[in-house]
Amino acid sequence: MIFLIVFLAIAAIALVAFLTWFLSAVAEGKCPMCALKKLSFSKLTIDVKDTENYNNSASDLPIMGWSSWNTLRNHISEDSIYETAKALTDSGLAAAGYKYVNIDDCWQSSFRDEEGKLQGDLEAFPSGMEALCKKINALGLKMGIYSSNGTLTCEDMPASLGNEELDAKTFASWGVEFVKYDYCHNEVINGSTPVIEYVDISKRGERAEIRLRPEHAKYAGRAKTVKCSDLPSKQGIGFLNHGAGSASYVIDVPTGGEYIFTIHYHKNYLHSKQYLQVIVNGEVNEVFFPKGKAFTHDAKTQLSVYLKGGDNLIKLCNPVATRADSAYIQYKKMGDALKDASKAWAVYNNTEEKPITYSICEWGFNKPWLWGRKAGNMWRTTMDITPNWSRIKTIYNRNIKLFKYAGPGHVNDPDMLEVGNGKLSLEENKSHFTLWCMMAAPLVLGNDLRKLFDGSKKSGAIHKILTNKSLILIDQDPLVKSAKLIKRKHGVDIIARPLANGDTAICFFNKSGKRKPIDFELYSLREEKYLNFVKSANYEIHDLWSDERELGDTIKANVEKHGVKVYRISAN
């Protein structure tokens, strides 16, 4: 009985709190039920079906190269980066396809230059990033750089949130051809929007000629005209929050050019930072309303917008309902800035464009495989990798499920290769490399290449793994179709992917701690529509590690513990 009374009391308190919040939200011109959508943190509520895929003319294939983070971390310099680039060419890895030299966190100075631009660490990179890029390019390689979708990077250095256009132009001016965009110190866009009383539009230096009033708007969704809670004599545009709806106008201006939008809004004391999109002829302009601390309720903010001569369509909305919506908007903003910057720099200098491969690195928190192809070229599917077998296996288990999201120019990224790092066995190194190739993953080395190839037996074995031409061809296959898990049997995963010339790659991955026999009839692959497996009386079976070939319709072999057997199957 006591438990029931306590339960009912708690339920009553919760109900009162919910009703108080609900009525307060309505009084403030907000849609309370729409705000509840934010509880689905990683669900994208923005409709991206009709949004074009990200296309920046970068390579359709997964990148191959090297990254500084896994071994050098924050102790990097222009000397260590250039020495590694030299090792990449001297070792034959560049000739095998590893072309990108990606500089991770801590390349930056702790402060921007006098023009507000990012700059290299003034001690560690005294020649500057543009000069280093030219030296790397002279080796036939490409330079990549790092920033974060936050106020700071993961190592608390200056980052790019709020400076996307400037930083993209800076990277393009240096000749950068890859940008990894992390997720540390991210500030989630608020789905809340204040009541908009009206919007004045004027030429710079002139009084307003056009006023967008609530009663003249064309409303969509739940957006509507509301009364301001503390100023009932005033009306405004409400219910724009958390993707609830939009208010649109068509205005006619005599001449195109810059116009000032003065947005008059209703401020509630102690409100958090709020958000609005002013979309002009399809171009998104963002407005971040400051945290409410003023003692007056009517406030204003301004932005500069380009209008064309004649009719202009203006839409007011806030599409952000969840954390995933926020991530999508922010990552797409940087992606668009990079795409525009590389094109503009090429036109300005009358040179060939260097498209910037854009890597979305938000660790899979917001399911980027669902929206990544609309915002960038590749997207991390998990948290960071380590040279630990259990971690590699965990990442594989996550990434293999996402096969259908990979395609030309848009790939799942299970993070860098740890081949040759840590205490991985030879079999584990081979398996790690094989699985990444099967999953059409970027092949980005994380070794200290200056020390790796020391002539030892181990270094020779690692070099042989990393330069396996047959497997690299699988990874770089033009279809860019990741392997699908076909069957899981007695601790062995059977995964396969179709190839551009009609062949099929099949891999038997022994996840167990014991050696396992396999006896697999190839005709069973015809049941998988994803593979489009060609019917034949006989097949050429090419073992991609031993390089042995045989004719037949059955694969019989033994797979070592934590090992793989991988084959290319061709209709004979």
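Residues numbered from 1 in each chain as written. Predicted model: local features only at pLDDT ≥ 70, side-chain atom pairs only at ≥ 80, totals over all residues. Heavy atoms only, no water.

Enquirer: Before we move on, could you go through the packing of helix H10 (residues 389-399) against helix H11 (residues 426-438) and cite the residues and values that matter?
Expert: Contact pair H10 / H11: the axes reach a minimum separation of 11 Å and the direction vectors enclose 20 degrees. Considered as vectors, H10 and H11 are oriented roughly parallel to each other. The hand of the H10/H11 crossing is left-handed. Between H10, through Trp 389, Ile 392, Ile 395 and Tyr 396, and H11, the contact on the second element is made entirely by Glu 428, Ser 431, His 432, Leu 435 and Trp 436. Tallied by class, residues from the contact of H10 with H11 come to six nonpolar, two polar and one charged. (Axes fitted to C-alpha atoms, helices over the stretch in contact; angles between N-to-C directions. Helix = DSSP H or I, 4+ residues; strand = E, 2+ residues; numbered from the N terminus. Parallel < 35°, antiparallel > 145°, perpendicular 65-115°, else oblique. Left-handed = near helix turned anticlockwise from the far one by under 90°. Contact = heavy atoms within 4.5 Å. Nonpolar A, V, L, I, M, F, W, Y, C, P; charged D, E, K, R; others polar.)

Enquirer: Outline the sheet that holds strand S7 (residues 218-221), supporting the account with residue identities and numerical values.
Expert: Strand order in the open sheet formed by five strands is S7-S10-S15-S12-S13, and the pairing between neighbours is antiparallel. The open sheet terminates on both sides in strands that have one partner only, identified here as S7 and strand S13 (283-289). Sheet twist, expressed as the average angle between the axes of neighbouring strands with direction ignored, equals 25 degrees. Sheet analysis places S7 next to strand S10 (residues 245-253), joined by four bridges and oriented antiparallel. (Pairing = 2+ DSSP bridges.)

Enquirer: Tell me what's going on with the environment of Trp 69, and back it up with residues and numbers.
Expert: Residue placement: Trp 69 occurs in helix H3 (residues 69-72). Given a relative accessible area of 14%, Trp 69 falls into the buried group. Trp 69 sits 449 residues away from Ile 518 along the chain, and the two C-alpha atoms are 38 Å apart. If we ignore the near neighbours within four places in the chain, the residues touching Trp 69 are Asn 74, Asp 104, Asp 105, Glu 155 and Met 416. (Buried < 20%, exposed > 50% of the residue type's maximum accessible area, 1.4 Å probe, protein only.)

Enquirer: Quick one: what's the story with empty space enclosed by the protein, residue by residue and with numbers?
Expert: Scanning all chains against the criterion turns up two cavities of 30 Å³ or more. The computed volume of the largest cavity comes to approximately 160 Å³. Together, 17 residues line the largest cavity, and Phe 178, Lys 180, Asp 413, Met 416 and Val 444 are the ones closest to its centre. Put simply, the parts of the chain that give the lining of the largest cavity at least two residues each are strand S3 (142-148), strand S4 (178-182) and strand S17 (378-380). In terms of residue class, the lining of the largest cavity is built from nine nonpolar, three polar and five charged. Reported here for the second largest cavity is a volume of approximately 80 Å³. The wall of the second largest cavity is formed by Ala 58, Ser 59, Asp 60, Leu 61, Pro 62, Ile 63, Thr 357, Asn 377, Met 378, Gly 409, Val 411 and Pro 442. Considering only residue class, the lining of the second largest cavity consists of seven nonpolar, four polar and one charged. (1 Å grid on protein atoms, 1.4 Å probe; cavity = no way out; pocket = protein on both sides within 12 Å on 5 of 7 lines; lining within 4 Å. Points joined across faces, edges and corners; volume = space filled by probe spheres on them.)

Enquirer: Can you lay out the side chain of Ser 80 for me, pointing to particular residues and giving the numbers?
Expert: Relative to the assigned elements, Ser 80 resides in helix H4 (residues 78-90). Residue Ser 80 is classed as buried on the basis of its relative accessible area, which comes to 6%. At 3.0 Å, the side chain of Ser 80 forms a polar contact with the backbone nitrogen of Ser 77. What Ser 80 contacts, discounting residues up to four positions off in sequence, is Leu 72 and Arg 450. (Polar contact = N/O pair within 3.5 Å; in protein donor to acceptor, adjacent residues only side chain to side chain.)

Enquirer: Describe H4, with residues and values.
Expert: Relative to the 18 Å expected for 13 residues at 1.5 Å per residue, H4 spans 18 Å between its end C-alpha atoms, a close match to the ideal helical length. Those residues of H4 that sit buried are Glu 78, Ser 80, Ile 81, Thr 84, Ala 85, Ala 87 and Leu 88. Just past H4, the residue Gly 92 takes up positive phi, approximately 90 degrees. (Expected span 1.5 Å × (residues − 1).)

Enquirer: A description of the state of the cysteines should follow, citing residues and the corresponding values.
Expert: For the structure shown, the criterion picks out two disulfides. A sulfur-sulfur distance of 2.3 Å marks the disulfide that ties Cys 31 to Cys 34. The sign of the 70 degrees torsion about the S-S bond sets the Cys 31-Cys 34 disulfide as right-handed. Of the two residues, Cys 31 and Cys 34, neither departs from the other in class, the shared state being buried. For Cys 154, the disulfide goes to Cys 184, at an S-S distance of 1.9 Å. Judged by the torsion about the S-S bond (90 degrees), the Cys 154/Cys 184 disulfide is right-handed. One end of the pair, Cys 154, is in the loop between S3 and helix H7 (164-174); the other, Cys 184, is in the loop between S4 and strand S5 (196-203), with 30 residues separating them in the sequence. Using a relative accessible area of 29% as the deciding quantity, one classes Cys 154 as partly exposed. Across the protein chain, the way the bonded cysteines pair up, counted in sequence order, is 1-2, 3-4. Among the cysteines around Cys 106, which has no disulfide bond, Cys 154 carries the closest sulfur, lying 9.6 Å off. (Disulfide = S-S within 2.5 Å.)

Enquirer: Lay out the layout of surface pockets with the relevant residues and their values.
Expert: Of the pockets and cavities examined, the largest pocket occupies roughly 1400 Å³. Along its surface, the largest pocket is lined by 43 residues, and Gly 282, Glu 283, Val 284, Asn 285 and Asp 336 are the ones closest to its centre. Going through the elements one at a time, H7, S10, strand S12 (274-280), S13, strand S14 (298-307), strand S15 (310-317) and helix H8 (323-349) are the ones with two or more residues in the lining of the largest pocket. Top contributing element to the lining of the largest pocket by residue count: H8, with 10 residues. Class assignment of the residues belonging to the lining of the largest pocket gives a composition of 19 nonpolar, 13 polar and 11 charged.

Enquirer: Any chance you could break down the pattern of salt bridges for me, citing the residues and the numbers?
Expert: Under the counting rule described, the total for this entry stands at 26 salt bridges. Among the salt bridges present, the one from Asp 104 reaches Lys 180, with a minimum N-O distance of 2.9 Å. Taken as a pair, Asp 104 in the loop between strand S2 (100-102) and helix H6 (129-138) and Lys 180 in strand S4 lie far apart in primary sequence, 76 residues in all. When sorted by exposure, Asp 104 lands in the same class as Lys 180, which is buried. Measuring nitrogen to oxygen at the nearest pair gives 4.0 Å for the salt bridge that ties Glu 177 to Lys 354. A residue pair is termed long-range when its members are at least 10 positions apart, and Glu 177 in the loop between H7 and S4 and Lys 354 in the loop between H8 and strand S16 (357-360) qualify at 177 residues. Look at Glu 177 and you get buried, because its relative accessible area is 11%. Each of Glu 83, Asp 448 and Arg 450 takes part in a single network of salt bridges with overlapping partners. (Salt bridge = Lys/Arg side-chain N within 4 Å of Asp/Glu carboxyl O.)

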